[in-house]
Amino acid sequence: MPQTTNAIVIGAGVMGASIAFHLAEHGLKPAILERKVTASGATGYSSGLVRMHYDLAAESELTFKSYQQYFSQWKERVGGECGFQQTGFLQIAKREHEAKLRGNVINQQKIGINTSVISAEEAKRLFPDLSTNHFDYAAYEPDSGYADATLTTNSFIESAKRLGATLIQNCEVTAIRAAGGKVIGVDTTQGSFDAPIVVNAAGA
Ligand SMILES: Cc1cc2nc3c(=O)[nH]c(=O)nc-3n(C[C@H](O)[C@H](O)[C@H](O)COP(=O)(O)OP(=O)(O)OC[C@H]3O[C@@H](n4cnc5c(N)ncnc54)[C@H](O)[C@@H]3O)c2cc1C
């Protein structure tokens, strides 16, 4: 007999963990099916950089929301620990890329991000151990830093579990089942699961 649940998330990397947490916050009881263990994919290799400087404004907007609504207030928003350390962040650039750097920073300031362009000399004053021979300018984000990607994942999962989610590890999804044009569940190495919602967060 297939096990029945109202949502399935395939993969317990940081994306699957976040999706499961948010589904659980919306009243669903997702089963998170992971073929190995949590954070065993790309997540476990991540440097956990939390920064907002991107060339695309949409990415900056998204990472700003992640910083503002989650990483800067993790305990209150999610519960547990994500290991966020505010170290400051520099995106360095040579003189020939100054206009591009300044353009990005103007876009990011419009979003509300605390960022500015500083010279290599100013960067050296802020971070005396930094070698400044290879750049002329930097975008400086004092609020940014890094988190612990594995801790972040486990924290999402623990909070999702408190809200009714289930984590099943060593459970590889081998097929997604459909009927009548709709997804109805999955087959796994631990049997079949029925659910009207299946989210594939199995990584790149
Ligand atoms: C070296 C490195 C450094 C990085 N540094 C940063 C950084 O500083 N900042 C940043 O934001 N990002 C960074 N990233 C990117 C970041 O790690 C990824 O974007 C993120 O972890 C992707 O998460 P995910 O959940 O989509 O994928 P994954 O972490 O790969 O999770 C997918 C999960 O699905 C499971 N799975 C796969 N197939 C199945 C199946 N059939 N059934 C069940 N489970 C399955 C896998 O085992 C895995 O656990 C870095 C990545 C790498 C590799």
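Reference entry: report on the structure contained in this document.

Reading the values: rules and limits
Residues numbered from 1 in each chain as written. Predicted model: local features only at pLDDT ≥ 70, side-chain atom pairs only at ≥ 80, totals over all residues. Heavy atoms only, no water. Near = heavy atom within 4 Å. Polar contact = N/O pair within 3.5 Å; in protein donor to acceptor, adjacent residues only side chain to side chain. Areas by Shrake-Rupley, 256 points an atom, 1.4 Å probe, with all protein chains shown as cover. 1 Å grid on protein atoms, 1.4 Å probe; cavity = no way out; pocket = protein on both sides within 12 Å on 5 of 7 lines; lining within 4 Å. Sits in = over half its atoms within 2 Å of the grid points. Nonpolar A, V, L, I, M, F, W, Y, C, P; charged D, E, K, R; others polar. Pairing = 2+ DSSP bridges. Helix = DSSP H or I, 4+ residues; strand = E, 2+ residues; numbered from the N terminus. Core = buried A, V, L, I, M, F, W, Y, C linked by side-chain atoms within 4.5 Å. Buried < 20%, exposed > 50% of the residue type's maximum accessible area, 1.4 Å probe, protein only. Domains from an automatic or database assignment. Contact = heavy atoms within 4.5 Å.

### Looking at the site of the ligand
In the neighbourhood of the ligand, 23 residues make up the surrounding shell, with M15, E34, T43, L49 and V173 lying closest. Here an oxygen atom of the ligand sits 2.7 Å away from a polar atom, N or O, in the side chain of E34. Contact between the ligand and A42: an oxygen atom at 3.0 Å from a main-chain N or O atom of the residue. Burial of the ligand by the surrounding chains reaches 69%, relative to a free accessible area of 1000 Å². Judged by the proximity of its atoms to the pocket grid, the ligand belongs to the second largest pocket. Residues of the shell around the ligand, tallied by class, amount to 11 nonpolar, nine polar and three charged.

### Some details on the pairing of strand β13 (residues 191-194)
In this sheet, β13 lies alongside strand β1 (residues 3-4) in parallel orientation, the contact comprising two bridges. Of the residues in β13, the one forming a bridge with T4 is D194. Bridge analysis of strand β12 (residues 182-188) against β13 gives four bridges, and the strand direction is antiparallel. Its bridge partner being in β13, T188 is matched across the sheet by G191. Connecting the antiparallel pair β12 and β13 is a turn made up of two residues.

### Let's talk about the nonpolar core
F71 and W74 are the most contacted members of the largest nonpolar core, which totals 28 residues. Within the residue set of this core, elements represented by two or more residues are α1 (14-25), α3 (57-69) and α7 (149-162). Per element, the largest residue contribution to this core is five residues, and it comes from α1. Summarising the domain contributions, this core has at least three residues from each of domain 1 (1-46 + 148-204) and domain 2 (49-144). The contacts of W74, once residues within four sequence positions are left out, are G79, G80, E81, C82, T152, S155 and F156.

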